Number of protein chains: 2
Amino acid sequence: MRKKSRSFLPNGVKLCYIKHMGRPKNFEREDVIQQAMELFWLKGYAATSLSDLTEATGLNKKSLYNEFGSKEELFNIALNAYNQSKLRQIELLTEEPFGKQNVINYLEDVAQTSSKKGCLMTLSIHESELLEKEAKLDVQKSFKGLQGLIFKNLSVDYDKKKAKSLALLMSSMIFSIASLGKLKVDKKEIKSMIKELIILL
Amino acid sequence: MRKKSRSFLPNGVKLCYIKHMGRPKNFEREDVIQQAMELFWLKGYAATSLSDLTEATGLNKKSLYNEFGSKEELFNIALNAYNQSKLRQIELLTEEPFGKQNVINYLEDVAQTSSKKGCLMTLSIHESELLEKEAKLDVQKSFKGLQGLIFKNLSVDYDKKKAKSLALLMSSMIFSIASLGKLKVDKKEIKSMIKELIILL
DNA sequence: GTTGTTTTATACCGATAGGTTACTTACTCA
DNA sequence: TGAGTAAGTAACCTATCGGTATAAAACAAC
């Protein structure tokens, strides 16, 4: 009888099986997010259609909507994943001791990893007229976060006013680099450019 | 008789009247281009629909197509007009004598005129995956032109290698500034930022 | 095997995209 | 005035947009 086999559980409590009921999904959520991210990154939000997404991910529309709710929500999730993927780079700005060397390391890494695909966050900023508040706030917050971290590092070496201006300059270099990437400017040239910039520090 | 009144013309040559035949247009081509430009500038190519364009310009679809051929062609023309409108700024880089002061003047003007709408060229770069060759080449050419002019000015004060890197840095600031504009960063901050940058020169 | 649950495939929805057709209107020319 | 021409209007075209309804398929529990 069932009662015997579950007698170790309190009344009303059921076993929670790892395997869920119903037909199993035949996709990995993280993979799908990754693929969607690549697509949005390449084409932007407006120009990426549901057909593009279903084609790239292998999922059909219904499954996409079951999993993510809407194109917009999927975009927000993808944008988030993109920002997460940049965390390693950002962490260069949290190394002890704080100071301008962290900023130099960060900028050199950004130049080194610059891509011909540009940068999803930069793209989103320019598309922001189409996006809902959530995505707008996301990019706003991401950039402010970066700017703040750079400011914190530069505050060690400069007075507040100068640190602020320099932080804006250094943080906004991600936009320059993203655009140069899209323009297929050689990575070597971008690195030389950054070399010149960090003379300021 | 006609012959008498046109006797001063050679045979087979007709008077070319300023007024053209048929119903006159009730729009100014330049105005329409301007309005289209503003719209593309605000929303980007992909997100600007024909309805948006007809609404903003007052022209109906047929007239738009008669005049400009297609959405893509209109965009190319608008992008061109945008670049033309930036010529005054660019001319700061052709003042005699050539030298870094020209670049400083240019950058300060770019900062001064930075807009919350960003920059149509920068937006187009990030949308370039959607655009046909013509628009791509246009932005490519525009940027190379700017970069070349800045290089020419900096070559007066620096050796070739340094001038090249500095030129890339200074020219790509238009992308940073455009993005900061879209992020609603205060113009005053942008100007302070540029103040810091030109210390390099 | 039956029942319940979840995912999948397919077909469909109204709305809108970019673009065109057919016709009317407004002008020049003679 | 009437013929010729260019521009404007509105209805229409097909394709695709983001999003859904329905039902078959694949699993767990029993």
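Summary of the structure given here. Bear in mind the structure is a predicted one, so any value in this text is a computation, not a measurement.

### What to know about the overall build of chain A
Part 1: On a plain count of helices and strands, chain A comes out with 12 helices and 0 strands.
Part 2: Sequence-ordered secondary structure for chain A, helices as α and strands as β, is α-α-α-α-α-α-α-α-α-α-α-α.
Part 3: Taken over the C-alpha trace, chain A has a radius of gyration of 22 Å; the compact-globule value for 201 residues is 17 Å, which it surpasses by more than 25%.
Part 4: A buried classification covers 47% of the 201 residues belonging to chain A.
Part 5: When contacts within chain A are restricted to residue pairs at least 6 apart in sequence, long-range pairs at least 24 apart make up 69% of them.
Part 6: Counting every atom, chain A has about 11100 Å² of accessible surface; 54% of that belongs to carbon and sulfur.

### With respect to the packing of aromatic side chains
Each pair of aromatic rings is reported with the distance of its centres and the angle of its planes.
Part 1: Here the structure, examined in full by the defined rule, presents 10 aromatic pairs over all chains.
Part 2: With a centroid separation of 5.1 Å and 65° between ring planes, the pair formed by Tyr45(A) and Phe75(A) is classed as edge-to-face. In this pair, Tyr45(A) is assigned in the loop between helix 2 (29-43) and helix 3 (50-57) and Phe75(A) in helix 5 (residues 71-85), connecting sequence segments 30 residues apart.
Part 3: On the accessibility criterion, Phe75(A) (1% relative accessible area) is buried.
Part 4: Seen from their ring centres, Phe40(B) and Phe75(B) are 4.9 Å apart, and the 90° between their planes marks the pair as edge-to-face. Separated by 35 residues along the polypeptide, Phe40(B) in helix 2 (residues 29-43) and Phe75(B) in helix 5 (residues 71-85) bring together distant segments of the chain.
Part 5: A network of ring pairs unites the aromatic residues Phe40(A), Tyr45(A) and Phe75(A) as a single cluster.

### Things to note about unusual backbone geometry
Part 1: Cis geometry is found at the peptide bond from Glu96(A) to Pro97(A), where omega equals -5°.
Part 2: Residue placement: Pro97(A) occurs in the loop between helix 6 (87-91) and helix 7 (100-112).
Part 3: A positive phi angle is found at Lys184(B), which is not glycine, with a value near 60°.
Part 4: Tracing the chain through its elements places Lys184(B) in the loop between helix 11 (173-182) and helix 12 (187-197).

### Observations regarding the protein's contact with DNA strand D
Part 1: Surveying the vicinity of DNA strand D reveals 27 residues, the closest of which are Leu50(A), Lys61(A), Tyr65(A), Arg23(B) and Ser63(B).
Part 2: When the atoms of DNA strand D within 4 Å of the protein are grouped by moiety, sugar and phosphate amount to 69% of the total.
Part 3: Here a phosphate oxygen of DNA strand D and a side-chain polar atom of Ser51(A) are 2.9 Å apart.
Part 4: Here a sugar or linking oxygen of DNA strand D sits 3.5 Å away from a polar atom, N or O, in the main chain of Met21(B).
Part 5: Contributions of two or more residues to the surface near DNA strand D are made by helix 3 and helix 4 (61-68) of chain A together with helix 4 (61-68) of chain B.

### Focus on helix 2 of chain A
Residues and elements named next belong to chain A.
Part 1: Here helix 2 contains 15 residues, and its C-alpha end-to-end distance of 21 Å stays within 8% of the 21 Å for a straight helix at 1.5 Å per residue.
Part 2: Listing the buried residues of helix 2 in full gives Val32, Ile33, Ala36, Met37, Leu39, Phe40 and Trp41.
Part 3: Of the residues flanking the end of helix 2, it is Gly44, one or two places downstream, whose phi is positive at about 90°.

### Things to note about the side chain of Ser171(A)
All names here are of chain A.
Part 1: By secondary structure assignment, the location of Ser171 is in helix 10 (residues 160-171).
Part 2: One polar contact links the side chain of Ser171 to the main-chain carbonyl oxygen of Leu168, over a distance of 3.2 Å.
Part 3: In this structure Ser171 touches Phe143, Leu146, Gln147 and Ile150, once residues within four positions along its chain are discounted.

Basis of the calculations
Residues numbered from 1 in each chain as written. Chains lettered and ligands numbered in written order. Predicted model: local features only at pLDDT ≥ 70, side-chain atom pairs only at ≥ 80, totals over all residues. Heavy atoms only, no water. Helix = DSSP H or I, 4+ residues; strand = E, 2+ residues; numbered from the N terminus. Rg over C-alpha atoms; globule rule 2.2 N^0.38 Å. Buried < 20%, exposed > 50% of the residue type's maximum accessible area, 1.4 Å probe, protein only. Contact = heavy atoms within 4.5 Å. Areas by Shrake-Rupley, 256 points an atom, 1.4 Å probe, with all protein chains shown as cover. Phe/Tyr/Trp six-rings, centres within 6.5 Å; stacked < 30°, edge-to-face > 60°. Near = heavy atom within 4 Å. Polar contact = N/O pair within 3.5 Å; in protein donor to acceptor, adjacent residues only side chain to side chain. Expected span 1.5 Å × (residues − 1).

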